[in-house]
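This is what each chain is made of:
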Amino acid sequence: MFRLVSAAALAAALTACTTVNDDAVPAHTTVPVTTAKPAPPNPAEIAANELGFVPVLMYHQITPNPAGEYDQTPAEFRDELERLYRENYRPVTAAHYISGDLDLPAGTHPVVLTFDDSTGSQLGFTDTGAVAPDSAAGILAEFGARYPDFHPVATFYVNNEPFGADPRALPWLVSNGHEIGAHTADHANLASLDADGVQRELVQNVRAVTTAVPGAVVRTMALPLGIHPRDHALATAGHWDGTSYRFDAVMLVGSNPAPAPYGAVDPGGVPRIRSGRGAVPFDSAYWLDWLAANPDQRYTADGDPARISFTRQRATELDARWLDRANPY
C-alpha cells in the first residue's frame, strides 16, 4: 500500500533537499558547455496538476458492424482519437503510467489506450504485409503519421494465439512502441479456478508472449471479465511449472478515471473507462466531458519529467515514494 506524505513532512523534506554546499565545486572547475532545452513554463501559469486523474480507456473490437457494447466502428475510433488530440491528450502505455514514467509536453494530459482479447479487428495485415488500415493498430499508425506529436502507443492485452495466431503480430506491436500485456491464456474467469489453475493461465500466457518476442517483459495484465481470482494476490504475482510472473499493475473493466501514479493508486486494481457505441453508462464520452468541465481534476503535465508539480493544497495526496520529485507551487 502506498503511503501519502503530510504537508508538513513535504515542506521539511523540500527544505533539506535544497540545501547547497558552496564548497562542493572548486572555483577552478571548468563546466562543459551544452545546448540546453528551453526551460519548462512556470507550473502555475499552465495550472499543472500531476496528481490529477488519468483516463485509461478500454476497447474491444474495432469493426464496421459492432456487436458488443464495448465495440466501435473505425469511424467512431478515429473520431475519439481526434477528440483526444484536440483536447491535448497524449497516449502512454499502461506500464509507463503505473511506473510514473510520464515525459509529456507542458499542458498536455496522459491517456492510456487499452485493447482486450487480441482480435483480428485490432491488428491484422493486408496481402502485401502492411498493417490493415481499418484495424485499431492501423488507425493508430495513420493517426500518428498525421499528428507526429500524438505518439500513438497503446497497450494490447492478449490471450494465447493472439490476432489469429499470426506470427507477425506481437513482434510488430513491440517494434512500433506498443505494450503487450497479459489477459490469461484462454480468457478464463479466474474466480472459477483454483490457485493452481490461476497461475497456470497466467504463466502460459506470459510464456506465449515471450516465445513470440524473445526478451519481452510482460509488465501489466487485464482481468478477463474484470473478475479477480479468489486470492486477489495471484492476479499480481505467482508461479507455475518453474516459471514466475509479477505484474506492476492489474487492470479492471469499466469504471472511472484512474488516480495519478504519484498518488493513491492501487496497482492491484486500476480502473478503466469503457469506450463503445455510446450505449454504456459512464463511458468515455461521459468521462471526457467531465474532465473537460473539471480541468482542475485532470492530470496536466508540467513539461519536466524530473519533477511532480501540483498546488500546495494537494500536498497530502502525494505518495511518500515520490517525495524527492515534489514540486508544489
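As the structure is a prediction and not an experimental result, all values here were calculated from the model.

Asks: Which parts of the structure should I look at to understand the overall build of the protein chain?
Replies: In terms of helices and strands, the protein chain carries eight helices and twelve strands. Put simply, the protein chain has 329 residues, and 49% of those count as buried.

Asks: Could you clarify how one ought to interpret the packing of helix H2 (residues 74-86) against helix H4 (residues 136-146) in this entry?
Replies: Remark: H2 packs on H4, axes separated minimally by 11 Å, with the N-to-C direction vectors making an angle of 40°. Seen along the crossing, H2 lies across H4 with a hand that is right-handed. From H2, Pro74, Phe77, Arg78, Leu81, Glu82 and Tyr85 reach across to H4, where they touch Ala136, Ile139, Leu140, Glu142, Phe143 and Arg146. The residue inventory of the contact of H2 with H4, partitioned by class, reads eight nonpolar, no polar and four charged.

Asks: For this particular structure, what's the right way to read the nonpolar core?
Replies: Nonpolar side chains in soluble globular proteins tend to be buried together. One finds Phe77, Leu81, Leu84, Leu113, Phe115 and Leu123 to be the most contacted residues of the largest nonpolar core, which totals 51 residues. Residue contacts for Leu81: discarding those within four places in its chain leaves Leu113, Ile139, Leu140, Phe143 and Phe150.

Asks: Would you mind going over the packing of H2 against helix H8 (residues 284-293) with me for this structure?
Replies: A packed helix pair is summarised by two numbers, namely the angle formed by the two axes and the spacing between the axes. Axis separation between H2 and H8 bottoms out at 12 Å; the angle between their running directions is 10°. Between H2 and H8, the interaxial angle falls into the category roughly parallel. Residue-level contacts link Glu80, Arg83 and Leu84 of H2 to Ser284, Ala285, Leu288 and Asp289 of H8. For the contact of H2 with H8, the per-class residue count stands at three nonpolar, one polar and three charged.

Asks: Help me understand the packing of aromatic side chains, please; the structure alone is not making it clear to me.
Replies: Centre distance and the angle of the planes are the two values used to describe a pair of aromatic rings. A complete count under the given rule lists 17 aromatic pairs for this structure. Between the aromatic rings of Tyr286 and Trp287, the centroid separation amounts to 5.0 Å while the plane-to-plane angle is 90°, which identifies the pairing as edge-to-face. Owing to a relative accessible area of 37%, Tyr286 belongs among the partly exposed residues under this scheme. Taken together, the ring pairs in this structure connect Phe53, Phe282, Tyr286, Trp287 and Trp290 into an aromatic cluster.

Asks: Just checking my understanding: could you explain H2 for this structure?
Replies: The first and last C-alpha atoms of H2 sit 18 Å apart over 13 residues, in line with the 18 Å expected at 1.5 Å per residue. Listed as buried for H2 are Pro74, Phe77, Glu80, Leu81, Arg83, Leu84 and Tyr85. The inward-facing, buried residues of H2 contact strand E1 (56-59), strand E2 (89-91), strand E3 (109-116), H4 and H8. Positive backbone phi, approximately 70°, marks Asn88, located one or two places after H2.

Asks: How should I be thinking about the pairing of E3 in this particular structure?
Replies: For a regular strand, the rule is simple: side chains alternate between the two faces of the sheet. When you tally the buried positions in E3, you get eight out of eight residues, the bulk of the element. Along E3, one buried face is formed by His109, Val111, Leu113 and Phe115 and the opposite face, lined by Pro110, Val112, Thr114 and Asp116, is buried too. Sheet analysis places E2 next to E3, joined by three bridges and oriented parallel. Within E3, the position partnered with Tyr89 by the bridge is His109. Taken together, the three bridges between E3 and strand E4 (residues 155-158) define a ladder with parallel strand orientation. In the sheet register, Phe115 faces E4, and the bridge partner there is Phe156. Handedness of the crossover joining E3 and E4 through H4: right-handed.

Rules of the game
Residues numbered from 1 in each chain as written. Predicted model: local features only at pLDDT ≥ 70, side-chain atom pairs only at ≥ 80, totals over all residues. Heavy atoms only, no water. Helix = DSSP H or I, 4+ residues; strand = E, 2+ residues; numbered from the N terminus. Buried < 20%, exposed > 50% of the residue type's maximum accessible area, 1.4 Å probe, protein only. Axes fitted to C-alpha atoms, helices over the stretch in contact; angles between N-to-C directions. Left-handed = near helix turned anticlockwise from the far one by under 90°. Contact = heavy atoms within 4.5 Å. Nonpolar A, V, L, I, M, F, W, Y, C, P; charged D, E, K, R; others polar. Core = buried A, V, L, I, M, F, W, Y, C linked by side-chain atoms within 4.5 Å. Parallel < 35°, antiparallel > 145°, perpendicular 65-115°, else oblique. Phe/Tyr/Trp six-rings, centres within 6.5 Å; stacked < 30°, edge-to-face > 60°. Expected span 1.5 Å × (residues − 1). Pairing = 2+ DSSP bridges. Right-handed = clockwise from strand over helix to strand, strands pointing away.

On their own, these measurements won't tell you what the molecule is for.
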